[in-house]
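One letter stands for each residue in the lines below.
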Amino acid sequence: MRFVLQMAVRETRASWRRLLFFFVCIAVGVAAIVALRSVIQSVRNVFGSEARGLLAADVLIATNREWPAQARTTVDRRLAEAGSTERTETIETPTMVRPTDKSKAIAKMAELRAVQSGYPLYGSVILQGTDTYSYSLLHNHGTLVRPELLTALGVQVGDQITIGQAAFTIRGLIAMEPGRRVGGFSLGPRVMIDYADLASTGLLSFGSRADRRLHARVPDDRIDDLVRTLRDDFKDDFINTRSYRSTEDQIGRDFDRAENYLSLVGLIIVILGGIAVSSVTRVFILQKIRSIAVLKCVGARSAQIIAVYILQVMTLGLAGSLLGVALARAVIAAIPLALGSSTSLLAQAHYGVSWSAAAQGIGIGVLVSLLFSVVPLLQVRFIKPSLLLRDETVRRRADWLAIAAIVVVSAALVALTAWQAASLRVGVVVCAGFAGLAVVLHFAGRGLVALLAPLANSRSFPLRHAVLHLSRPGNQTRVILLAVGLGAFFIVGVRSLQASLLSEFSVQVDASAPDMFLLDVQKPQVEGVRAFLRDKSHGAGEFQLIPVMRARVVGVAGRETTLESAEDVRRSGMSIGREFTITYRDHLEPNERIVEGAFWNTPSAEPEVSVELDLAARAHLHVGDTIRLDILGRTIAAKITSLRDVEWRESRNGGFVFVFRPGVLDEAPQTWVAPMKGPATPAERARFQHDLVERFPNVSVIDFHEILETIRDVMSKVTLAISVVGGLVLFSGALILIGAVAMTKFQRVYEAAVFKTLGANTRTIARMLLLEYGVLGSLAGMIGSLGAIVLTWGVSKYALEIPWRIFAGEHVAGVILTSVLVAAIGVLSSLDVLRNKPLATLRAE
Amino acid sequence: MIELREVSKTVMSGTEPLTILHPLSLQIPHGEFVAIVGPSGSGKSTLLGLIAGLDAPSGGSVLIDSVDITRLGEDALARLRGEKVGFVFQFFHLIPSLTAYENVAVPMEIAGAADARTRAQGLLEEVGLTGRSHHYPSQLSGGEQQRVALARALANDPPIVLADEPTGNLDSANGRHIMDLLREIHDKRGTTIVLVTHDRELAEMADARLVLRDGRVVENTLQVGDREPVSVARVEEREPLRRASPPR
């Protein structure tokens, strides 16, 4: 054992420089794992401790309809039974706000929250500056708003804004409030008013999209019972009950998922480093053959020698992992600087490397180094000391021990991945995917090298030898193709997907498509809104006014499907348990086509409905079946008379799953929506919104241009994040490349010396190297690019369901940049090959 | 005692078998200094490798102190070499990543010797390299490297030292120095020394000679027990063996 330790120390001392790059790859991967896990754990701690604050209650009971009187009685009784000590109510609804000052012709959608005095039961509303939140600030039409609203409307604290039909004075700016999720999608900035003042706005008309919430403080041991009981009480109603615990659980699950999936990305980088370690170990052993033979000659056993190198690999793996932890620490230390003076929850987290993340990172780094070096190290057994007497080649053989080692290593890798992803299925899929990708890259590499083979007969000496070098013994072609190809694949793939998505959105917001959406138009306002939109002075283009109602399927009596109650529907798992927005009309839209049955063109007193094809297939609904829908408390049994194919991508006028025949729903309570083409310029659009809301205060306007901006912003952040990951993979690829060049330099130095002796000048050898790495880079770029094409095709077709487009520019740029990068790194890492004097090299051999 | 019984070695040359060593039997008593001579390709190094257990014979058996080493596995052979056989190569074969001292200490460390450090320093002193112990092989001259290799061969005080053309890669002065050291080791320690050389002058320094040609013994001056020296075949040498270059 002492010998093993001493030799491991000596070998590490002698060869750490040569192996450095490969362990930097391990370091990068470990840094990614440790940093991602630590950051998520830090943020999670904030969210976990804020779970009550997020709900602002122990138990939250919510509905998006008027509270039915009976439900209120039940809630009151249950809360009393559970010993609830305190409660407060809020109502949230998106609405348009505008400056009361008529000279400012602008309006903006905001998320209105009307609160009672006890709000919030947990957490706190924090105001900007020195002000502290007090409910009295909201008294007498006071309002608190997010700072961004001031900029959008050009108003200041002290000014008045109009919400619906009432004016409110801005009394402060909200820095932070309970229940606002970081990064959550919102339709606009928060505006907070007194619950008592909400009526004066006139926003709570029938069918408006208001979320009514009852926040309750309940003794901790009664929470779960209360939630269970209320869920049972309201299983057939549109009333939702949840506790801070379920929120905590949900947040916990979300974070677990995020942590595990992000760690997988880090693991992929570590595995890439592992593949490099495997390759370097193979070359390293080739270089150490004589030393190993000498050790065997002076009495060392194979097991002792393998132990020496395993210890060396683990030492370097440990050093790489520790470096990774240090890198992660440096990155994490920079986060507060990056967040600056932000007041979001993210800025409240205490960022640091968590012990568990560091331990996991180090464990993975060492384990991957070990797993990937074991199989090549087993070749030590076949090195015979007799090769010291005469030149013998060591034959690589696969024996039972090597096969067993491969099986154990594969199983261990699957276990490692499954552990990181916290799912055996994901572990198996990722490992199989990686193995598949490696096999594809391997064969693609071989195929491409074979395609280039004719160039080995080229008249150009440098080109001929550059091509021959790709398949020389001990070449690093495969490992470079895998590492660099994978990096190129990530980056080109992500960039293509981004371009594809953005162009898809641009298509949807093309010149003729509706780019504004009016919501909550009340039935009596329909003619007024129609006249407003037709008035050319407002600048609106084409529009359509559509009546909508919310409905839920509560039963089916059909040929294949029979569901007696709403509970049956929910349990059926046929995706028909959710709430649907329905309409009625006497014509088909251009994006609709009848597949079965017949559509109507006249009203009827008998309820008839046309069902969208995909849903009908999922729920096994047929023409002639009867479906029961709860439409705002009234149950209507309608006969399915047709099945419609809807082209959702073209659904400019809104796509509907259920379309009723006019006659039955015409007089039911309903609101109207209007997809429309808004005015052309931002100023006209702002004025249009202002004028419309001035006339119809309860109507909300969604401006797709703004939404698209939000989507662009989110996408650019996502793309940046994925590009950073792709960049890390490419960076690892570059390190592996440098390391591979350095490892095989001994061969190159000798060849260069022979070439120089035979008359080749430095320039010729430099051209040879440039061509060799240029070709290698092009191959890696092409493989990555081809992979990216497959990726974008798969994701476009199956995940995003958008048409597949090829962005030739991205792919061509990817191939060119990869080949330039690889050629530059290859030549720069080989500078001493060019500089060495041939005689010294030949003597040394 | 080293004993070879009908030992032969055949290798494949392309698809054809090629016999490097024809069946050969001999005994080398303990404390003998024997030189194996013969032209290039006569099978000298192969014979030495078979005695050291570095290579396996195609037929016959090799016994060291009555242990048939052809029946031993790789690990047992390694252990036997560590204990009983020291080896000196023509091309030194020092481990380039280790210093002179470490190269000498390695066999003792493998054997688990407690006083490896002191003994390694002592051996380096014995071969005249006291001040060079922390130099790497690349920082030593050829003669110095071979002296380190010799010290390494003596590390576990083996009863047998096998030397394969130990002067073949050295100038004559250094070659002479190495031979003097081998002689001294033999005389002082009573170590059995088997020296492979194609230099007749060097072979003269040995007590006995074994001459090989084309894989067969053509002369054997070894005395075993009460047996007379055996002359297997007196073959007039048509080409004289190359002599070592005179010292410069």
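Residues numbered from 1 in each chain as written. Chains lettered and ligands numbered in written order. Predicted model: local features only at pLDDT ≥ 70, side-chain atom pairs only at ≥ 80, totals over all residues.

1. Here's the deal with the overall build of chain A
In step 1: A count of helices and strands for chain A gives 25 helices and 21 strands.
In step 2: Relative to its 845 residues, chain A shows a buried fraction of 43%.
In step 3: Sequence separation of 24 or more characterises 84% of the internal contacts of chain A that already satisfy a separation of 6 or more. (Helix = DSSP H or I, 4+ residues; strand = E, 2+ residues; numbered from the N terminus. Buried ≥ 20, exposed ≤ 12 C-beta atoms within 10 Å, placed from the backbone. Contact = placed C-beta atoms within 7 Å.)

2. Points about the overall build of chain B
In step 1: On a plain count of helices and strands, chain B comes out with seven helices and ten strands.
In step 2: Taking all 248 residues of chain B together, the buried fraction comes to 46%.
In step 3: In chain B, the proportion of contacts linking residues at least 24 apart, taken out of those at least 6 apart, comes to 67%.

3. So, the environment of A:Ala405
Residue and element names in this part refer to chain A.
In step 1: With respect to the secondary-structure elements, Ala405 resides in helix 12 (residues 400-421).
In step 2: Judged by C-beta crowding, with 17 C-beta atoms within 10 Å, Ala405 ranks as partly exposed.
In step 3: Placed 34 residues apart in sequence, Ala405 and Leu371 show a C-alpha to C-alpha distance of 9.1 Å.

4. With respect to the packing of helix 11 (residues 355-377) of chain A against helix 12 of chain A
Residues and elements named next belong to chain A.
In step 1: For the pair helix 11 and helix 12, interaxial distance at closest approach is 9 Å and the crossing angle is 155°. The angle between helix 11 and helix 12 places the two elements in the roughly antiparallel class. Two packed elements cross with a definite hand, and for helix 11 against helix 12 that hand is left-handed. Where helix 11 abuts helix 12, its residues Ile364, Leu367, Leu371, Val374 and Val375 lie against Ala402, Ala405, Ile406, Val409, Ala412, Leu413 and Leu416.
In step 2: In terms of residue class, the contact of helix 11 with helix 12 is built from twelve nonpolar, no polar and no charged. (Axes fitted to C-alpha atoms, helices over the stretch in contact; angles between N-to-C directions. Parallel < 35°, antiparallel > 145°, perpendicular 65-115°, else oblique. Left-handed = near helix turned anticlockwise from the far one by under 90°. Nonpolar A, V, L, I, M, F, W, Y, C, P; charged D, E, K, R; others polar.)

5. Overview of helix 16 (residues 526-534) of chain A
All names here are of chain A.
In step 1: If you check which residues of helix 16 are buried, you get Val529, Phe532 and Leu533. Looking straight down helix 16, one finds its buried side chains confined to an arc of 95°; they lie on one side. Of the exposed residues in helix 16, the ones pointing more than 90 degrees away from its buried face are Glu527, Ala531 and Arg534.
In step 2: Buried positions along helix 16 lie against strand 11 (516-522), strand 20 (671-676) and helix 19 (682-695). (Arc of directions from axis to C-beta.)

6. Notes on the nonpolar core
In step 1: Formed by 188 residues in total, the largest nonpolar core has its most connected members in A:Cys25, A:Val30, A:Val34, B:Ile36, B:Val104 and B:Leu162.
In step 2: Two domains each donate at least three residues to this core, and these are domain 1 (1-58 + 238-422) and domain 3 (438-512 + 703-845) of chain A.
In step 3: Counting 66 residues, the second-largest nonpolar core is a separate cluster that includes A:Ala56, A:Leu60, A:Val115 and A:Val191. (Core = buried A, V, L, I, M, F, W, Y, C linked by C-beta atoms within 7 Å. Domains from an automatic or database assignment.)

7. So, the packing of helix 3 (residues 100-111) of chain B against helix 5 (residues 142-153) of chain B
Residues and elements named next belong to chain B.
In step 1: Where helix 3 contacts helix 5, the two axes come as close as 8 Å, and the packing angle between them is 25°. Between helix 3 and helix 5, the interaxial angle falls into the category roughly parallel. The two elements helix 3 and helix 5 cross, and the hand of that crossing is right-handed. Where helix 3 abuts helix 5, its residues Ala100, Asn103, Val104 and Pro107 lie against Val148, Ala151 and Arg152.

8. A short note on the sheet that holds strand 4 (residues 59-64) of chain B
Residue and element names in this part refer to chain B.
In step 1: Pairing in this open sheet of four strands is antiparallel, and the strands run 2-1-4-5 from one edge to the other. This sheet does not close on itself; its edge strands, each paired only once, are strand 2 (16-28) and strand 5 (67-68).
In step 2: Contacts between helix 1 (residues 44-52) and the sheet are confined to strand 1 (2-13), strand 2 and strand 4, with strand 1 contributing the most and set at about 120° to the helix. (Pairing = 2+ DSSP bridges.)

9. Here we look at the pairing of strand 7 (residues 166-176) of chain A
All names here are of chain A.
In step 1: Two strands pair when backbone bridges link them, and strand 4 (residues 126-127) and strand 7 are joined in this way by two bridges, in the antiparallel orientation. Looking at the pairing, Ile126 lines up with Met176 of strand 7.
In step 2: In terms of strand pairing, strand 5 (residues 142-145) meets strand 7 through four bridges, oriented parallel. Bridge pairing in strand 7 places Leu144 opposite Gly172.

10. Details of the pairing of strand 7 (residues 160-164) of chain B
All names here are of chain B.
In step 1: Taking burial as the measure, the five residues of strand 7 include five buried ones, the bulk of the element.
In step 2: In strand 7, alternate side chains face the same way, and those of Ile160, Leu162 and Asp164 on one face and Val161 and Ala163 on the other are all buried.
In step 3: Relative to strand 7, strand 6 (residues 85-88) runs parallel, the two being bridged by four bridges. Along strand 7, the bridge assignment pairs Val88 with Ala163.
In step 4: Summarising the sheet, strand 7 and strand 8 (residues 192-197) pair through five bridges and their orientation is parallel. Residue pairing in the sheet places Ala163 in a bridge with Leu195 of strand 8.
In step 5: In this fold, the crossover linking strand 7 to strand 8 by way of helix 6 (residues 172-189) has right-handed handedness. (Right-handed = clockwise from strand over helix to strand, strands pointing away.)

11. Considering the sheet that holds strand 3 (residues 33-37) of chain B
All names here are of chain B.
In step 1: An order of 6-7-8-3-9-10 is seen for the six strands of this open sheet, with the pairing classed as mixed. Every interior strand has two partners, whereas the edge strands, strand 6 and strand 10 (216-220), have only one. Pairwise comparison of adjacent strand axes, ignoring direction, gives a mean angle of 20° for this sheet.
In step 2: Bridging between strand 9 (residues 208-213) and strand 10 involves four bridges; their strand directions are antiparallel.

12. Description of the interface of chain B and chain A
In step 1: Taken together, the contact between chain B and chain A spans 24 residues of the former and 23 residues of the latter.
In step 2: Class assignment of the residues belonging to the side of chain B that touches chain A gives a composition of ten nonpolar, five polar and nine charged.

13. Some thoughts on the confidence of the model for chain B
Interpretation of the predicted coordinates at a detailed level should be avoided for regions scoring low in pLDDT.
All names here are of chain B.
In step 1: The predicted model of chain B averages 84 in pLDDT, with 90% of residues at 70 or higher.
In step 2: Considering only residues more than four positions removed or in separate chains, one finds that residues 225-248, a stretch of pLDDT under 50, has 36 contacts.
In step 3: We note a pTM of 0.64 for the whole complex and an ipTM of 0.79 for its interfaces. (pLDDT = per-residue confidence, 0-100.)

14. Some thoughts on helix 3 (residues 69-81) of chain A
Residue and element names in this part refer to chain A.
In step 1: Along its 13 residues, helix 3 runs 19 Å from first to last C-alpha, staying within 8% of the 18 Å computed at 1.5 Å per residue.
In step 2: Listing the buried residues of helix 3 in full gives Val75, Arg78 and Leu79. The buried residues of helix 3 occupy an angular sector of 100° when projected down its axis, which confines them to one face. Every exposed residue of helix 3 that faces more than 90 degrees away from the buried side is listed here: Ala69, Gln70, Thr73, Arg77, Ala80 and Glu81. (Expected span 1.5 Å × (residues − 1).)

15. Notes on unusual backbone geometry
In step 1: Note that the residue after A:Tyr119, namely A:Pro120, is joined by a cis bond; omega there is -10°.
In step 2: Note that A:Pro120 resides in the loop between strand 3 (108-115) and strand 4.
In step 3: A positive phi angle is found at B:His93, which is not glycine, with a value near 50°.
In step 4: Considering the arrangement of structural elements, one finds B:His93 in the loop between strand 6 and helix 3.
In step 5: Judged by the 24 C-beta atoms lying within 10 Å of it, B:His93 falls in the buried class.
In step 6: Here the phi dihedral of B:Glu165 falls at roughly 45°; this positive angle occurs in a residue that is not glycine.
In step 7: In this structure, B:Glu165 sits in the loop between strand 7 and helix 6.

16. Remarks on the confidence of the model for chain A
In step 1: A residue-level look at chain A finds 86% of positions with pLDDT of 70 or above and a mean pLDDT of 81.
In step 2: The least confident element of chain A, judged by mean pLDDT, is helix 10 (residues 345-348) of chain A at 59; the most confident is strand 5 of chain A at 94.

17. As for the environment of B:Ser42
All names here are of chain B.
In step 1: In this structure, Ser42 sits in the loop between strand 3 and helix 1.
In step 2: C-beta crowding within 10 Å serves as the criterion here: with 23 such atoms nearby, Ser42 is assigned to the buried category.
In step 3: Counting along the chain gives 21 residues from Ser42 to Leu21, while the straight-line C-alpha distance between them is 8.0 Å.
In step 4: What Ser42 contacts, discounting residues up to four positions off in sequence, is Leu212, Arg213, Asp214 and Gly215.

18. With respect to the environment of A:Trp804
Residue and element names in this part refer to chain A.
In step 1: Along the chain, the position of Trp804 falls in the loop between helix 22 (762-800) and helix 23 (808-829).
In step 2: Take Trp804: there are 14 C-beta atoms within 10 Å of it, and that puts it in the partly exposed class.
In step 3: Through-space distance from the C-alpha of Trp804 to that of Gly794 is 8.6 Å; in sequence the pair is ten residues apart.
In step 4: Setting aside chain neighbours within four positions, we find Trp804 in contact with Thr792, Trp793, Ser796 and Lys797.

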